[in-house]
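Chain by chain, the residues:
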Amino acid sequence: MNPYVEKLYGMATRAERVIVGLMSGTSLDGLDIALCRITGSGRRTALQLEHSCTKPYASDFRRQIQDIFAKRAIDQQQLCGLHALIGRTHGALVNEALLGWGIPPEQVDLIASHGQTVFHAPRWLTGDRRFPDSTLQIGDGDHIAAVTGIITISDFRQKHVAGGGEGAPLAVYGDSLLFSHETETRLLLNIGGIANFTFLPASTAGGTGFATDVGPGNTLMNQYMQRHLGAEMDRDARVSSSGTVNQDLLRGLLEHPFFGLPFPKTTGPELFNLEYLHRAQQDSGTVDLEKNDVMATLCAFSAAAITAAIQQVPNGGDPTVRVYVSGGGLHNPLLMQLIRDSLPATPINAFDALGLLPDAKEAALFALLANETVAGSAAEAYPILGAPAVYMGKISFPG
């Protein structure tokens, strides 16, 4: 028997697995790494976060990804090369993290790698009926396995699409297993580059849970800061807090048909990018707006899209529904204040109120997906609207 297949069989039959989850989102700020100890599977899953960190990307590495990120016309050689380079870089960052934590690679059962999304193409967005819904993440799992010596599961989103989904949001699988509650209806809001949430009605109340993208989180603000103000992001919302929201531009930004689509739905920077902003400025006659006013309006745009989506959920704006927030947007004080102001009766908490660090949540949930791939039952685990019951991820052996 292949020794790695034998190893997989052994870990699948054990009660516990140690899995490193990796997440690199559309913000392109770095690699989130979460070392998780996971017992059981399905509805009997328990996840303990033992270590976590974010390894920031070098500026040259980030620029190489940006050259091909969310663009229809790219250099194919660069795409091909980055597929290998991202994998090797992520593998090296895992080795660095394990060394810092004093964890030998031999003590880790699996790596679960989300990869780097470079294009997301649901048919509703492309309008091209020649092709099915599709999505592309790069950062080859074989390279991660070879660099770390650890069996790696990667490329999770492809099976979701093949099973009838749009490839996102995938957090719903882990959210439903770990954070469903008998009496509390929960809305788990993640504000990354794109904002999304998982809605989990209390099990005693009935109803169907679902996950959906809702629009831009940090992506437009980050893109604008990088292009026009020479900074990665608007730290502590200093720029946007100094500006004034332009209502004409805000209305123009909110006019896209995406916001009228039913849940669940997906989107990405392929839509919400600086070209989208420029068109809205032209249509609203706000091309000469001061930069801090543009940033204030973009922050208000993200907040408005998020709160409007929450209010569309049955009982979404009800004070009995609790909102728990993770992702980089949690650290934007203006964005969070705007959301709270729009939902004054709804309790809004940081995700650590549920016992998991907000910044480690997505990486940890990919570790959980890998656990389900080797030890779970797809049919048991995923009673969620629009979430196909499939085993996700491709397995790469180190040798």
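Refer to the preceding data block for the structure.
Predicted model, so just to flag it, every value in this text is computed and none were measured. (Residues numbered from 1 in each chain as written. Predicted model: local features only at pLDDT ≥ 70, side-chain atom pairs only at ≥ 80, totals over all residues. Heavy atoms only, no water.)

Caption draft 1: Broad picture of the pairing of strand S7 (residues 185-191). Counting buried positions over the seven residues of S7 gives seven, a clear majority of the element. Along S7, one buried face is formed by Thr 185, Leu 187, Leu 189 and Ile 191 and the opposite face, lined by Arg 186, Leu 188 and Asn 190, is buried too. Bridge count for S7 against strand S8 (residues 194-200) is six bridges, and the pairing is antiparallel. Bridge assignment links Leu 188 to a residue of S8, and that residue is Thr 198. Turn length for the S7-S8 hairpin, with the two strands adjacent in sequence and antiparallel, is two residues. (Buried < 20%, exposed > 50% of the residue type's maximum accessible area, 1.4 Å probe, protein only. Helix = DSSP H or I, 4+ residues; strand = E, 2+ residues; numbered from the N terminus. Pairing = 2+ DSSP bridges.)

Caption draft 2: Quick look at the packing of helix H7 (residues 171-179) against helix H14 (residues 361-375). Here H7 crosses H14 at 85 degrees, and the two axes come no closer than 9 Å. Considering the angle they form, H7 stands roughly perpendicular to H14. Between H7 and H14, the residues in contact are Ala 171, Tyr 173, Gly 174, Asp 175, Leu 177 and Leu 178 and Lys 361, Leu 365, Leu 368, Leu 369 and Glu 372, respectively. A class-by-class count of the residues in the contact of H7 with H14 yields seven nonpolar, one polar and three charged. (Axes fitted to C-alpha atoms, helices over the stretch in contact; angles between N-to-C directions. Parallel < 35°, antiparallel > 145°, perpendicular 65-115°, else oblique. Contact = heavy atoms within 4.5 Å. Nonpolar A, V, L, I, M, F, W, Y, C, P; charged D, E, K, R; others polar.)

Caption draft 3: How the structure looks around helix H2 (residues 59-68). The complete set of buried residues in H2 reads Phe 61, Arg 62, Ile 65 and Ile 68. The buried residues of H2 all sit within an arc of 125 degrees when viewed along its axis, so they share a single face. Tucked into the core, H2 has its buried residues touching helix H3 (76-101), strand S4 (110-121) and strand S5 (134-138). (Arc of directions from axis to C-beta.)

Caption draft 4: Summary view of the environment of Ala 73. Inspection of the secondary structure assignment puts Ala 73 in the loop between H2 and H3. On the basis of relative accessible area, Ala 73 is assigned to the exposed category, the value being 69%. Taking the C-alpha atoms as reference points, Ala 73 and Pro 314, 241 residues apart in sequence, are found 41 Å from one another.

Caption draft 5: Summary view of helix H12 (residues 291-312). Between its terminal C-alpha atoms H12 stretches 32 Å, which fits the 32 Å expected from 22 residues at 1.5 Å a residue. Burial analysis of H12 places 16 of its 22 residues in the buried class, the great majority of the element. (Expected span 1.5 Å × (residues − 1).)

Caption draft 6: Fine view of the nonpolar core. In terms of nonpolar packing, the biggest core is built from 45 residues, with Leu 187, Phe 197, Phe 272, Leu 277, Leu 298 and Ile 339 touching the most fellow members. At 11 residues, the largest contribution of residues to this core is made by H12. Discounting residues that sit within four places of it in the chain, Leu 277 has contacts with Leu 220, Tyr 224, Leu 249, Leu 253, Val 294 and Leu 298. Counting residues in each nonpolar core, the second largest holds 35 residues, with Ala 112, Ile 151, Tyr 324 and Phe 366 among its members. (Core = buried A, V, L, I, M, F, W, Y, C linked by side-chain atoms within 4.5 Å.)

Caption draft 7: Summary view of the pattern of salt bridges. Tallying each qualifying case throughout the model produces 14 salt bridges. Across the pair Arg 37 and Glu 50 runs a salt bridge whose closest N-O atoms are separated by 2.7 Å. Separated by 13 residues along the polypeptide, Arg 37 in strand S2 (residues 30-39) and Glu 50 in strand S3 (residues 46-56) bring together distant segments of the chain. Exposure remark for Arg 37: the relative accessible area of 26% places this residue in the partly exposed category. (Salt bridge = Lys/Arg side-chain N within 4 Å of Asp/Glu carboxyl O.)

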